[in-house]
Each structure stands twice: as C-alpha cells, then as structure tokens.
Amino acid sequence: MMILVLGGTGKTGRRIADRLTARHLPVRIGSRSAVPAFAWDDRTTWGPALDGVTAVYLSYYPDLALPGAYDDVKAFTELAVRTGVRRLVLLSGRGEPEAQASEVTVAESGAEWTVVRCSWFMQNLSEGFLHGQVLGGVIALPGPDVAEPFVDVDDIADVAVAALTEEGHAGRLYELTGPRLLTFAQVAAELSEATGRQIVFQQMTPEAYRAAAVAEGLPEDEAAGLTEMFTGIIDGRNAYLADGVHEALGRPARDFADYARANAKEWTI
C-alpha cells in the first residue's frame, strides 16, 4: 500500500514518515517541495498526490480551526475516497468546533477512519513558533495562564502510525494528552529547571501579540488567525486529561519533564 503523509515535513508528518520508512512501507510526502507537489491552497495538486494511494495521514496547515479549512478537508476527503483511498487518519485539534466538523466529514467518508485529537504540542516550544521565545527567556501569549495537557509529538506519531498500519483502530477517536495539566507559568518553571536558565511566562493583549507576530515575519492574515485561535482556545476548555495514548498503544503518555530534559540542548544560547 502507498501511504500519503500530508504535512510530511512538519512536526508530526516527518516523524510519521520516518517510522513508516523504517518499516519499509511505501511513503509519499505531501508538501510543496515534494514530487508530486501538494498544497492545500492549490487543488490541482491533490489528484497527482493521491494517485495510487490507499491510506492518508490527513493534517491541515495551518490549522483546522481557521476559515476555509472545513471546505478543503471535505473536498479532499471526497476526492481521496473516489480515487481509492481506504484508510484516513485525521489529525484534529482539541476544543475546536471547526476541527470537529472536519472529524464528522472524515467519519462519514465511507473509508476506514481514525481521528487523533490532540492538545498543545510540547514540541511547539522546541521546534515551533515558541522556540525563539524560550531562547529569549519569555514565553508571551495572548491568553490567561490556564492549564493545558501538553502532548508529546512522538506519542502522536506512534498513534498515527498504528492507525495507518494496524487493524483495530478504525472508527476510533483517540484524544491525546500528556499525563499532567500545566499552566504556561509552570511550563516556564520546568524549562528553567531543565536548562538552568530563567524562563518566564508573560500574558500579552491580543493586539500586542498580533503586532509582535507580524514584526517577526508572519504574514498579516496568519498572525490574525493565530491570535484569534489563541484567544478562542486558551480559556481553560482543555484543562482535563484524556487517555488516548494508552488506549491506542497500551503504554502511558510521555511526561513534560522528560521532554524538557531530553530537549534542554535546544534552548542553549
């Protein structure tokens, strides 16, 4: 079988692709730089990327909660099933009604489906948009300091690979979190302990955050969407734990402290 990994160069996608390759399974990367290329904003690329594919890891960039995402996911899912895809694994967002609408579309597609619904990625701090802030010693976000159940991307990849390659995961929604709730102030404290540097959390107004994101090079529309997403989701709605990692894999989820110690070198100045 050929497995298409959308976002195959991103945080979850490249880990999934590496795991599948290690199992000697045929993998096609879905990205602008791949051959054939894939881009969510260019539907003419979808058909060539799906040619011969039987399973898809479906991740949407930049986020399922943003305008236009649902329409794209619906159109892509319909095309995928028409062209012979039999298994779909959707990366979804916790606490996002727009993302859950896409979950319904995938579940009603007629393919075998699995939803991997995730909380905040730990790796946003070491590989993503917060890496520079941690290096600078201040994690600044436009929301209150509410608790989040940070999840390790390696756990997400392991669950997705199991759903793509094994029986027993079809029709399942796995809600993935880490084993503890942490506020961003607590995250900063744990990063401080792991690195030996002082790292703090700072709450920003949405306006200030949006301006700072643009100043750092993010396009205006993406900065606006990111700000809206943060202010809409970081409100305590996800301040509870789930057991999806254990349900899917039979082992516990990785703890944030283990992640921080293992990645301390990423925040060395």
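Let me begin by describing the structure that accompanies this report. Owing to the predicted nature of the structure, the values given are computational and were not obtained by experimental measurement.

Some thoughts on the environment of Ile269
Part 1: Positionally, Ile269 belongs in the segment after helix H11 (256–262).
Part 2: For the pair formed by Ile269 and Glu148, sequence separation is 121 residues and the distance between their alpha carbons is 27 Å.
Part 3: The residues contacting Ile269, other than those within four sequence positions of it, are Leu135 and Arg197.

Thoughts on the pairing of strand E5 (residues 112–118)
Part 1: Burial analysis of E5 places five of its seven residues in the buried class, which makes it a mostly covered element.
Part 2: As judged from the seven bridges shared by strand E4 (residues 87–93) and E5, these two strands associate in the parallel manner. The residue bridging Leu91 from the neighbouring strand is Val116, located in E5.
Part 3: Remark: the E4/helix H4 (residues 97–107)/E5 crossover connection has right-handed handedness.
Part 4: The sheet contact formed by E5 and strand E7 (residues 172–176) spans five bridges and is parallel. By the bridge assignment, Cys118 is partnered in E7 with Leu176.

Structural notes on helix H6 (residues 153–165)
Part 1: Look at H6: 18 Å from first C-alpha to last across 13 residues, which is about the 18 Å you get at 1.5 Å a residue.
Part 2: With respect to burial, H6 is a largely interior element, 10 of its 13 residues being buried.
Part 3: Listed as buried for H6 are Val153, Asp155, Ile156, Ala157, Val159, Ala160, Val161, Ala162, Ala163 and Leu164.
Part 4: With a side-chain oxygen lying 2.7 Å from the backbone nitrogen of Asp154, the N-terminal cap of H6 falls on Asp152.

Cut-off values and rules
- Residues numbered from 1 in each chain as written.
- Predicted model: local features only at pLDDT ≥ 70, side-chain atom pairs only at ≥ 80, totals over all residues.
- Heavy atoms only, no water.
- Helix = DSSP H or I, 4+ residues; strand = E, 2+ residues; numbered from the N terminus.
- Contact = heavy atoms within 4.5 Å.
- Buried < 20%, exposed > 50% of the residue type's maximum accessible area, 1.4 Å probe, protein only.
- Pairing = 2+ DSSP bridges.
- Right-handed = clockwise from strand over helix to strand, strands pointing away.
- Expected span 1.5 Å × (residues − 1).
- Polar contact = N/O pair within 3.5 Å; in protein donor to acceptor, adjacent residues only side chain to side chain.

Purely geometric stuff here, so don't read any function into it on its own.
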